[in-house]
Amino acid sequence: MSAMRFLNYSKKIVPLLETKSFFIIGLIFVIAAIFFNSFGGLSDSMLRNWDESRHGVSAYEMMTSSNYLVNTYNGENDYWNVKPVFSFWNIVAGYWLFGQNLFGLRCISAFSFVLIAAVTFAVLYKTGGRFAALAGTAFFAVSPSHFSHSFRSGDPDAFFILWGFLAAITLYYSNRNRKWLPATAFCLAMAFLTKSFHVGVFAIPTVIWVLFHWKRYGIKYVAISSAAGIMPVAIWAVGRYCADGLTFFDWMLKLDLFGRVARMEYSENKGVHAFFYFVKMSRELTLIPVLITVTAALAGFAIYKKKWLSPEIKDLFCISSLFFVSVILLFSLCSAKAPWYIYPAFAMLPLMMGTAVQAWLDAPAGPDSSQNISDGKKLIGDIFQVIILLSVIAWSIGGELKSVRRVFLRTVNQDIFNQENNKAQYAGTEIFSVNADGNFVMPPQSTFLMMRFAKASLRQGDLTEYTRRNGKDAYLLCTFEDDDHATAEARKFADKHNLTLVRIADENALYRKSPLSYNTNVQ
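**Some details on the overall build of the protein**
When helices and strands are counted, the protein shows 20 helices and seven strands. Just so you have it, the protein exposes about 23,300 Å², and 62% of that area is on carbon and sulfur atoms.

**Details of the nonpolar core**
Phe 202 and Phe 324 are the most contacted members of the largest nonpolar core, which has 100 residues in total. Among the elements that make up this core, the one with the highest residue count is helix 7 (residues 157-174) (13 residues). When near neighbours in sequence (up to four residues on either side) are disregarded, Phe 324 contacts Met 281, Val 290, Ala 345, Met 348, Leu 349 and Met 352. Residues Phe 88, Tyr 95, Leu 449 and Leu 458 belong to the second largest nonpolar core, which totals 30 residues.

**Quick word on helix 6 (residues 130-141)**
For helix 6, which comprises 12 residues, the first-to-last C-alpha distance of 16 Å matches the rise-based estimate of 16 Å (1.5 Å per residue) to within 8%. Across the 12 residues of helix 6, 11 count as buried, placing the element largely inside the fold.

**A closer look at a nonpolar patch on the surface**
On the surface, a nonpolar cluster with roughly 730 Å² of combined accessible area is contributed by Ile 204, Val 207, Ile 208, Leu 211, Phe 212, Trp 214 and Ile 219. Where the nonpolar patch is concerned, the elements lending two or more residues are helix 9 (200-212) and helix 10 (214-244). By the element assignment, Val 207 lies in helix 9. For Val 207, a relative accessible area of 46% gives the class partly exposed.

**Considering a negative patch on the surface**
Negative charge collects at one region of the surface, where Asp 437, Glu 481, Asp 482, Asp 484 and Glu 489 lie side by side. Along the chain, Asp 482 falls in the loop between strand 5 (474-479) and helix 20 (486-497).

**Section: the packing of helix 7 against helix 14 (residues 311-333)**
Between helix 7 and helix 14, the least distance of the axes is 10 Å, while the angle of their chain directions is 145°. Note that helix 7 runs across helix 14; the crossing there is right-handed. Here Gly 164, Ala 168, Leu 171 and Tyr 172 of helix 7 lie close against helix 14, whose contacting residues are Glu 312, Asp 315, Leu 316, Ile 319 and Phe 323. Its residues assigned to classes, the contact of helix 7 with helix 14 shows six nonpolar, one polar and two charged.

**A word on the sheet that holds strand 5**
Hydrogen bonding along the main chain pairs the strands of a sheet, whether they run parallel or antiparallel. Overall, mixed pairing links the five strands, which are arranged 4-3-5-7-6 in an open sheet. The open sheet is flanked by strand 4 (457-459) and strand 6 (500-505), the only strands paired with a single partner. Ignoring strand direction, the axes of neighbouring strands in this sheet form an average angle of 30°. Two elements, strand 6 and strand 7 (residues 508-512), share five bridges in a ladder whose sense is antiparallel. What sits directly across from Leu 501, in strand 7, is Tyr 511. The strands that helix 18 (residues 445-453) touches are strand 3 (430-435), strand 4, strand 5 and strand 7; relative to strand 4, the one it contacts most, it runs at about 125°.

**Some points on the pairing of strand 5**
Across the six residues that make up strand 5, a large majority, six, are buried. Side chains of strand 5 alternate between two faces, with Ala 474, Leu 476 and Cys 478 and Tyr 475, Leu 477 and Thr 479 buried alike. Note that strand 3 and strand 5 share six bridges and pair parallel. Bridging across to strand 5, Asn 435 finds its partner in Thr 479. As paired strands, strand 5 and strand 7 are joined by four bridges and run antiparallel to one another. Each bridged residue has a counterpart across the sheet, and for Thr 479 the counterpart in strand 7 is Asn 508.

**Quick notes on the packing of aromatic side chains**
In this structure the tally under the stated criterion is 39 aromatic pairs. On the numbers, 6.5 Å between centres and 45° between planes, the contact of Phe 86 with Phe 159 is tilted. Of this pair, Phe 86 sits in helix 4 (residues 86-98) while Phe 159 is found in helix 7, placing the two residues 73 residues apart along the sequence. In this pair, the class of Phe 86 matches that of Phe 159, namely buried. Here the aromatic rings of Phe 276 and Tyr 277 are separated by 5.1 Å at their centres, their planes lie at 75°, and the arrangement is edge-to-face. By relative accessible area, Tyr 277 is classed as buried at 0%.

**Here's the deal with helix 4**
End to end, helix 4 covers 18 Å across 13 residues, agreeing with the expected 18 Å (1.5 Å per residue, within 8%). The inward-facing, buried residues of helix 4 abut helix 3 (51-65), helix 5 (102-127), helix 7, helix 8 (181-195) and helix 18. Positive backbone phi, approximately 95°, marks Gly 99, located one or two places after helix 4.

**A word on the packing of helix 6 against helix 15 (residues 345-362)**
Remark: helix 6 packs on helix 15, axes separated minimally by 8 Å, with the N-to-C direction vectors making an angle of 150°. Put simply, helix 6 runs roughly antiparallel to helix 15. Where helix 6 crosses over helix 15, the handedness of that crossing is right-handed. Touching Arg 130, Phe 131, Ala 132, Ala 135, Gly 136, Phe 139 and Phe 140 of helix 6 are Phe 346, Ala 347, Pro 350, Met 353, Gly 354, Val 357, Gln 358 and Leu 361, all from helix 15. Looking at the contact of helix 6 with helix 15, its residues break down into 11 nonpolar, three polar and one charged.

**Here we look at unusual backbone geometry**
One non-glycine residue, Ser 66, adopts positive backbone phi at about 60°. Take Ser 66: its relative accessible area is 54%, and that puts it in the exposed class. The phi dihedral of Asn 498 falls on the positive side, at around 55°, and the residue is not glycine. Along the chain, Asn 498 falls in the loop between helix 20 and strand 6.

**A look at the pairing of strand 7**
Within strand 7, five of the five residues are buried, leaving the element largely enclosed by the surrounding structure. What you see with strand 7 is no split at all: Asn 508, Leu 510 and Arg 512 on one side and Ala 509 and Tyr 511 on the other are buried throughout. Connecting strand 6 to the next strand, strand 7, in antiparallel fashion are two residues, including Asp 506 with a positive phi near 55°.

**A few points about the environment of Asn 49**
Among the structural elements, Asn 49 can be located in the loop between helix 2 (20-39) and helix 3. For Asn 49, a relative accessible area of 44% puts it in the partly exposed group. Residues contacting Asn 49, with those up to four places away along its chain left out, are Pro 444, Gln 445 and Ser 446. A distance of 2.6 Å separates a polar side-chain atom of Asn 49 from the backbone nitrogen of Gln 445.

Definitions and cut-offs
Residues numbered from 1 in each chain as written. Predicted model: local features only at pLDDT ≥ 70, side-chain atom pairs only at ≥ 80, totals over all residues. Heavy atoms only, no water. Helix = DSSP H or I, 4+ residues; strand = E, 2+ residues; numbered from the N terminus. Areas by Shrake-Rupley, 256 points an atom, 1.4 Å probe, with all protein chains shown as cover. Core = buried A, V, L, I, M, F, W, Y, C linked by side-chain atoms within 4.5 Å. Buried < 20%, exposed > 50% of the residue type's maximum accessible area, 1.4 Å probe, protein only. Contact = heavy atoms within 4.5 Å. Expected span 1.5 Å × (residues − 1). Patch = residues over 30% accessible without salt bridge, like charges linked within 9 Å, V, L, I, M, F, W, Y side chains within 5 Å. Salt bridge = Lys/Arg side-chain N within 4 Å of Asp/Glu carboxyl O. Lys, Arg positive; Asp, Glu negative; His and termini not counted. Charge placed at Lys NZ, Arg CZ, Asp CG, Glu CD. Axes fitted to C-alpha atoms, helices over the stretch in contact; angles between N-to-C directions. Left-handed = near helix turned anticlockwise from the far one by under 90°. Nonpolar A, V, L, I, M, F, W, Y, C, P; charged D, E, K, R; others polar. Pairing = 2+ DSSP bridges. Phe/Tyr/Trp six-rings, centres within 6.5 Å; stacked < 30°, edge-to-face > 60°. Parallel < 35°, antiparallel > 145°, perpendicular 65-115°, else oblique. Polar contact = N/O pair within 3.5 Å; in protein donor to acceptor, adjacent residues only side chain to side chain.

See below:
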């Protein structure tokens, strides 16, 4: 009796989800979520001492040196960050558009998020319908993956995800028109030029799909597509070889391929268990949409058999699922693991979810749904339909509330060279960077980037050289090892060496020799 009552309610809920009014309200929610989650607090979120900072420095130096082929760090060729040029060009574009600041550093990553969301919506709208487009795009908009080392930071990951996503989309369209296949190969080449050998997680499913549909493509289009993928990489490789020979490629193989695939001395984060990413997904609750999608697919096939999916929805679901599984599986097999490695999979999940949801909307009302299906299966199908649709709505709303909380509770960047607080105070000055013993050390990557933004230059000299230097246009930056006791250590250092403490931020303290008022409100 309760099941029948639930079914009666479901017959009212499902048509409501397909109305124009619900579509407009849902579209407003999705658009607001996309732009808020992309740009909210983007210009002042904390700058972390990791890849984002180093890429930002290299992109800055590309602009100042006008050498857009070789990435440098502190003016020297960088063989620690062995990514091709596209991992820096997106940041350079942001600098050109919005200036050398935190927003310029991150804006292209945020725009990549918006572009993926727009393409997701367009493809699902055309392939499935209104609710498919809303459900898939909402799932992507509220995914927790874009808050770290992705679409809200100046890392190459966002650009890499964009090119991999476009490769999957163009591969889907090539299934209808093989002329799209060269575009797929070109997107894979762009993904390689962004994150080098990481492109394997996109290239392998592409090759698998083409081989299983070889008669549809033929050797001619495969050859043309291969050329479209090889040419951009070859042009870059020749240019890079002319710059520094095989040195870059040698380190690229050691660090970026063997260091992450095999257990070699250059491997980072090695020894992590094979189920690292499944544990990560369970903690971030990203397993929930995966379970919803898998449950929807299995239940749909069990109840409606082959009548459940249209050819268009079937192809999109299969391609996105193939890419999703490839990302998770291949990175799980690699020696090195980092949480953000699997974020490209979450750009494929909305396509899977959108197609599955739309199939559940269409199947019970399909012309063949009443044939060879028992009343019990029909009832189960109707109940599953409502549960899955409501689960999508609940996940989207709950995910956005969590995203809003993350933005409002974000850690604001308080670097010692923060431009917003100091404007042009440090422009043209020289910075001597030392440790607590007075020896020269490179400043933390995040501090070095903010120093670049402030137009200050780094001098490779120790405390003795600084004290001997004449003039007031120089500062001493000291980095202490212990954040918790940095304030006390900074004041002792100032008293010991007769320096004026200007400012403290985290483990860094800034001094100068000229008589300035002592800053008692230490930040």
